[in-house]
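One-letter residues, chain by chain:
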Amino acid sequence: MMRRGSRLKRRLAGGSIVLAAAPLVLSGVPAAEAAGSAPRASATKPRPVPQARARANDGAAITKEKWIDARTVDLTVSTPAIGSPQMIRVLVPPGWSREAARTWPVVYAYQGGNDDYLSWVKGSQLAALAKKWKALVVMPSGGKNGGFSDWWNYGKGGTPKWETFHTSEVPQLMERNYRAGTKRAALGVSSGGQGAIAYAARHPRMFKYAVSFSGLLHLTKPEIPPF
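Model, not experiment: these values are computed from the prediction.

The number of helices and strands found in the protein chain is six helices and seven strands. The 227 residues of the protein chain split such that 48% are buried. Taking as baseline every contact in the protein chain between residues at least 6 positions apart, the subset at least 24 positions apart corresponds to 67%. Entry remark: accessible area of the protein chain is about 11,200 Å², with carbon and sulfur atoms responsible for 56%.

Written out as structure tokens, the structure is:
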């Protein structure tokens, strides 16, 4: 099911579904600068990581920051919730600054199964669409079969805790280091779509909007195959 969901996302690489959902996900977010206007001169250079980076409550920390271009950065995160380093791709909006007094709304975009944190930029027009809106887009790792929950592990608990990573560690790191605000939306494809809806249900008022693309949302429907 996860592989089929990821293939469906790639067939939708033209971005029509993502574009259709944009007014819902980003509703209320001001339109970006006029087309063709250049970002501030300082935004054209990679921004160094501050010497004192704020950690999440449980000690999760950004250990590496790599700017791909003026508005795209990859973060490596040391995360107690997962137990191994994880990646986050962040798209910053026009006019973004680490030193700004304001914050920006955030769209958290979750990958499907058998994919990685770059799935949304490789398989859709999300990156191009994000340039039109004054919102951060945060795409964290979800694992090959993350499950979008804190794993029960046959009653033993422990890692991986994907829900803790996505709903606690990542938002805290974004809000404490990248001027992310508390106006949030969540979207995902396949198992990531299931995760977006499940997180919104289990964490009331955390997300203003939640969108699922091809997510498995009803395990008792007749068309759902047995596992």
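Now that the structure is up, let's keep going.
Relative to the helices and strands, arginine 89 resides in strand 3 (residues 86-91). Here aspartate 74 takes part through its side chain, which lies 2.3 Å from a polar atom of the side chain of arginine 89.

Once that is clear, we can look at the sheet that holds strand 2 (residues 72-78). A sheet is described by the order of its strands in space; here seven strands give the open sequence 1-2-3-5-4-6-7, paired in mixed fashion. Across the chains shown, the open sheet's two edge strands, defined by having one partner strand only, are strand 1 (61-69) and strand 7 (209-213). On average, each strand axis in the sheet is tilted by 20° relative to the strand beside it, whichever way the strands run. The strands that helix 6 (residues 191-202) touches are strand 4 (104-110), strand 6 (180-189) and strand 7; relative to strand 7, the one it contacts most, it runs at about 155°.

The two faces of strand 7 differ: Tyr209, Val211 and Phe213 on one face are buried, but Ala210 and Ser212 on the other face are not. In the sheet, strand 6 pairs with strand 7 via five bridges, with the strands oriented parallel. Following the sheet pairing, glycine 188 is matched in strand 7 by serine 212.

So, about the nonpolar core. Counting residues in each nonpolar core, the largest one holds 33 residues, and the members touching the most others are Val90 and Met174. Sorting the residues of this core by element identifies strand 1, strand 2, strand 3, strand 4, strand 5 (136-140), helix 5 (162-177), strand 6 and helix 6 as the ones contributing at least two each. With five residues, helix 5 is the single largest residue contributor to this core. Among the nonpolar cores identified, the runner-up in size contains 14 residues, and Ala109, Val137, Ala185 and Leu187 belong to it.

Moving on, we come to the layout of surface pockets. Of the voids in this model, the second largest pocket is the one considered here, and its volume is about 170 Å³. Around the second largest pocket, the lining residues are Asp69, Ala70, Arg71, Thr72, Leu91, Val92, Pro93, Pro94, Ala127, Ala130, Lys131 and Ala135. A per-class count over the lining of the second largest pocket returns eight nonpolar, one polar and three charged.

Moving on, we get to the side chain of glutamate 169. Along the chain, the position of glutamate 169 falls in helix 5. Of the side chains with opposite charge, lysine 161 lies nearest to the buried glutamate 169, which makes no salt bridge, at 8.5 Å. In this structure the side chain of glutamate 169 is engaged in a polar contact, spanning 2.5 Å, whose partner is the side chain of threonine 79. Excluding residues within four positions of it along the chain, glutamate 169 makes contact with Ala56, Asp58, Ala60, Thr79, Pro80, Ala81 and Thr164.

A separate point is the pairing of strand 3. Along strand 3, five of the six residues are buried, which leaves the element largely enclosed by surrounding structure. Judged from the six bridges that link them, strand 2 and strand 3 form a sheet pairing that is antiparallel. Bridge pairing in strand 3 links threonine 72 to leucine 91. Sheet topology places strand 3 next to strand 5; four bridges connect them, and they run antiparallel. Bridging from a neighbouring strand, leucine 91 pairs with valine 137 of strand 5.

A separate point is the pattern of salt bridges. Applying the stated rule across the entire model yields five salt bridges. The partner of aspartate 74 in a salt bridge is arginine 89, with the nearest N and O atoms 2.3 Å apart. Of this pair, aspartate 74 sits in strand 2 while arginine 89 sits in strand 3; the two residues are 15 residues apart in sequence, bridging distant segments of the chain. Of the residues examined, arginine 89 reaches a relative accessible area of 11% and is grouped as buried. A salt bridge links glutamate 175 to arginine 184; its shortest N-O distance comes to 2.9 Å. Note on glutamate 175: relative accessible area 25%, which makes it partly exposed. A relative accessible area of 13% places arginine 184 in the buried class.

Thresholds applied
- Residues numbered from 1 in each chain as written.
- Predicted model: local features only at pLDDT ≥ 70, side-chain atom pairs only at ≥ 80, totals over all residues.
- Heavy atoms only, no water.
- Helix = DSSP H or I, 4+ residues; strand = E, 2+ residues; numbered from the N terminus.
- Buried < 20%, exposed > 50% of the residue type's maximum accessible area, 1.4 Å probe, protein only.
- Contact = heavy atoms within 4.5 Å.
- Areas by Shrake-Rupley, 256 points an atom, 1.4 Å probe, with all protein chains shown as cover.
- Polar contact = N/O pair within 3.5 Å; in protein donor to acceptor, adjacent residues only side chain to side chain.
- Pairing = 2+ DSSP bridges.
- Axes fitted to C-alpha atoms, helices over the stretch in contact; angles between N-to-C directions.
- Core = buried A, V, L, I, M, F, W, Y, C linked by side-chain atoms within 4.5 Å.
- 1 Å grid on protein atoms, 1.4 Å probe; cavity = no way out; pocket = protein on both sides within 12 Å on 5 of 7 lines; lining within 4 Å.
- Points joined across faces, edges and corners; volume = space filled by probe spheres on them.
- Nonpolar A, V, L, I, M, F, W, Y, C, P; charged D, E, K, R; others polar.
- Lys, Arg positive; Asp, Glu negative; His and termini not counted.
- Salt bridge = Lys/Arg side-chain N within 4 Å of Asp/Glu carboxyl O.

Worth remembering: the numbers are spatial, not functional.
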